[in-house]
Amino acid sequence: MKKLLLAAAAAFVCASVVSAGDIKFTNKIWEDDAILQHFYNDEGDKETTHDFPGLKERMIAEYTSERVDAMVKATITFDDHNGSDFGFKGKLNDWYIEFRPLASITLGMHDEIDTNGSYLPIYDGSMGNGNIGDDFVFVYSPAALDGALRLAASAPIGEFDNANVNYVDGEEKDGENDPFVFGLGAIFEQEYFEIGGTIKDVLEGSGDRSYGAYVNLPGLFGNVKELSLFALGLTLDGEGEGDYISVGDLEAGVTGDTLFNFGLQYESDITLAVDALYNFGENGTYDLYAAVLLGMGINEFDVSLWGKTLVDLKDDGDTLKPGFDVGCEFDYALDDQNTVFFGAEAAIYDGCWAFAVPAGWKYTFKN
């Protein structure tokens, strides 16, 4: 982690020296862990426990310019890590570096380039197969199309601090050669729509290769400028998607391999958002994730209310009970850079439940 943080810091320094650009910085101090939960213990029995919610500080710094982009996100947590003794723990959440030697060519490391149609606005995350980037990515954008088309070839490397190798001619493992792992992707964007697609593990067999196809309709073809429709997302033979309900130790999601995603967000005097994810495949746990969020201004506060559910729709002899998550958040802007927030969230499924009272302060800066 130390090496990666130093590398990211060096990237920011080099970027600022090479060319003038834009800097965005966020510092967030908050807690959101469950303070009460009823859960299975290590012996398999249910018990009700209370816990000190860990205090977290997260810094995100992002630099963008004509030739170089870079970002680093890191979090330090102060918590009772073994139930009694308090201490600090650090984590590098994410980072990336992009370099454009030519206007039409981008070289990226640890770079997530998500199609807009793979985005779920309430979950605030994208489908795994909606990412045309990877640990190493090459992107070509034809100058004749003025940036409308991006063609990508990418390859996973694994953690940068260990000895994982993605062998070009295949790795000797269990007496067999595994093929070189790489993916292909494309995004075509116009004013009223975006289409994106990916193929992961191109050289694998048909059962191990996965696909993604996603469509985004911002402004509904220019008719409703406040509306973003993240629609018609399809993942075939992909990995499961999880943790759409997450409060304390209570985490669950949709884990099928053939998935349809839908998202909608309307922003005006009120905010309305909808998430949906459905598993068409035979394998998986929960088959349907659905969520709705309503946001509005009340006096000096921005208020958000949401509800989420997970449903197991297939009768495979071990049908799960539905899961639910409800919550609210109140945001108060002290000024253009400082916001404080507080709220409450509860989740329940399979006879277990958890309750949290998140609160914190967020500072943002843009040059």
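The structure displayed is predicted, hence computed values, not measured ones.

### Quick look at the overall build of the chain
At step 1: From N to C terminus, the chain includes two helices and 27 strands.
At step 2: Counting the 367 residues in the chain, one finds 38% classified as buried.
At step 3: Across the chain, every contact between residues at least 6 apart in sequence was considered, and the portion connecting residues at least 24 apart equals 51%.
At step 4: For the chain, the exposed surface amounts to about 20,000 Å²; the carbon and sulfur share of it is 57%.

### Considerations on the environment of Ile 199
At step 1: Inspection of the secondary structure assignment puts Ile 199 in strand S15 (residues 194-200).
At step 2: Spatially, the C-alpha atom of Ile 199 lies 9.4 Å from that of Ala 186, the residues being 13 residues apart in sequence.
At step 3: Look past the residues within four positions of Ile 199 in its chain and what remains in contact with it is Gly 183, Leu 184, Arg 209, Ser 210 and Tyr 211.

### Some words on the pairing of strand S5 (residues 68-80)
At step 1: As paired elements, strand S4 (residues 55-64) and S5 share nine bridges and run antiparallel to each other. By the bridge assignment, Ala 61 is partnered in S5 with Val 72.
At step 2: Hairpin remark: S4 followed by S5, antiparallel, with three residues in the connecting loop.
At step 3: As defined by bridge partners, S5 adjoins strand S6 (residues 86-102) across 13 bridges and the pair is classed as antiparallel. Note that in S6 the partner of Asp 69 across the bridge is Glu 98.

### A word on a negative patch on the surface
At step 1: A cluster of acidic residues, Asp 42, Glu 43, Asp 45 and Glu 47, forms a negative patch on the protein surface.
At step 2: With respect to the secondary-structure elements, Glu 47 resides in strand S3 (residues 46-50).
At step 3: A residue is classified by how much of its surface remains accessible, and Glu 47, at 37% relative accessible area, is partly exposed.

### Concerning unusual backbone geometry
At step 1: Although it is not a glycine, Asp 124 sits at a positive phi angle of roughly 60°.
At step 2: Summarising the element assignment, Asp 124 is placed in the loop between strand S8 (119-120) and strand S9 (125-126).
At step 3: Residue Asp 124 is classed as exposed on the basis of its relative accessible area, which comes to 57%.
At step 4: For Asp 201, which is not glycine, the phi dihedral falls at a positive 55°.

### Focus: the nonpolar core
At step 1: Core analysis: the biggest nonpolar cluster contains 25 residues, and Met 127, Leu 277, Tyr 289 and Leu 310 have the highest contact counts within it.
At step 2: Those elements that provide at least two residues to this core are strand S18 (245-247), strand S19 (250-252), strand S21 (270-279), strand S22 (288-298), strand S23 (301-311), strand S25 (338-349) and strand S26 (352-356).
At step 3: Counting residues in hydrophobic clusters, the runner-up holds six residues, among them Ile 113, Val 139, Ala 152 and Ile 187.

### Overview of the pattern of salt bridges
Pairing is possible between side chains of opposite charge, provided their charged atoms come close.
At step 1: A complete count under the given rule lists four salt bridges for this structure.
At step 2: The partner of Asp 69 in a salt bridge is Arg 100, with the nearest N and O atoms 3.1 Å apart. Residue Asp 69 is found in strand S5, and its partner Arg 100 is found in strand S6; the two are separated by 31 residues along the sequence. The residues Asp 69 and Arg 100 share a single accessibility class, namely buried.
At step 3: Notably, a salt bridge pairs Glu 98 with Arg 100, separated by 3.3 Å at the nearest N-O pair. The exposure classification of Glu 98 matches that of Arg 100, with both residues buried.
At step 4: Taken together, the salt bridges that share partners define one network made up of Asp 32, Asp 33 and Lys 56.

### Quick notes on the environment of Asp 135
At step 1: Counting through the fold element by element, Asp 135 comes out in the loop between S9 and strand S10 (136-140).
At step 2: A residue is classified by how much of its surface remains accessible, and Asp 135, at 13% relative accessible area, is buried.
At step 3: Residues Asp 135 and Ala 155 lie 20 residues apart in sequence; the distance between their C-alpha atoms is 6.2 Å.
At step 4: A distance of 2.7 Å separates the side chain of Asp 135 from the backbone nitrogen of Ile 157, its partner in a polar contact.

### Comments concerning the side chain of Thr 75
At step 1: Mapped onto the fold, Thr 75 is located in strand S5.
At step 2: Of the residues examined, Thr 75 reaches a relative accessible area of 6% and is grouped as buried.
At step 3: Of the polar contacts made by the side chain of Thr 75, one reaches the side chain of Asn 93; its length is 2.6 Å.
At step 4: Setting aside chain neighbours within four positions, we find Thr 75 in contact with Trp 30, Lys 56, Glu 57, Arg 58, Lys 89, Gly 90, Lys 91 and Asn 93.

### Re a nonpolar patch on the surface
At step 1: Taken together, the side chains of Phe 99, Leu 107, Met 109, Phe 136, Phe 138, Tyr 140, Leu 151 and Ile 157 present a nonpolar region at the surface, about 660 Å² in accessible area.
At step 2: Elements represented by at least two residues in the nonpolar patch include exactly strand S7 (105-109) and S10.
At step 3: With three residues, the top contributor of residues to the nonpolar patch is S10.
At step 4: Looking at the secondary structure, you find Phe 99 in strand S6.

Thresholds, definitions, all that
Residues numbered from 1 in each chain as written. Predicted model: local features only at pLDDT ≥ 70, side-chain atom pairs only at ≥ 80, totals over all residues. Heavy atoms only, no water. Helix = DSSP H or I, 4+ residues; strand = E, 2+ residues; numbered from the N terminus. Buried < 20%, exposed > 50% of the residue type's maximum accessible area, 1.4 Å probe, protein only. Contact = heavy atoms within 4.5 Å. Areas by Shrake-Rupley, 256 points an atom, 1.4 Å probe, with all protein chains shown as cover. Pairing = 2+ DSSP bridges. Patch = residues over 30% accessible without salt bridge, like charges linked within 9 Å, V, L, I, M, F, W, Y side chains within 5 Å. Salt bridge = Lys/Arg side-chain N within 4 Å of Asp/Glu carboxyl O. Lys, Arg positive; Asp, Glu negative; His and termini not counted. Charge placed at Lys NZ, Arg CZ, Asp CG, Glu CD. Core = buried A, V, L, I, M, F, W, Y, C linked by side-chain atoms within 4.5 Å. Polar contact = N/O pair within 3.5 Å; in protein donor to acceptor, adjacent residues only side chain to side chain.

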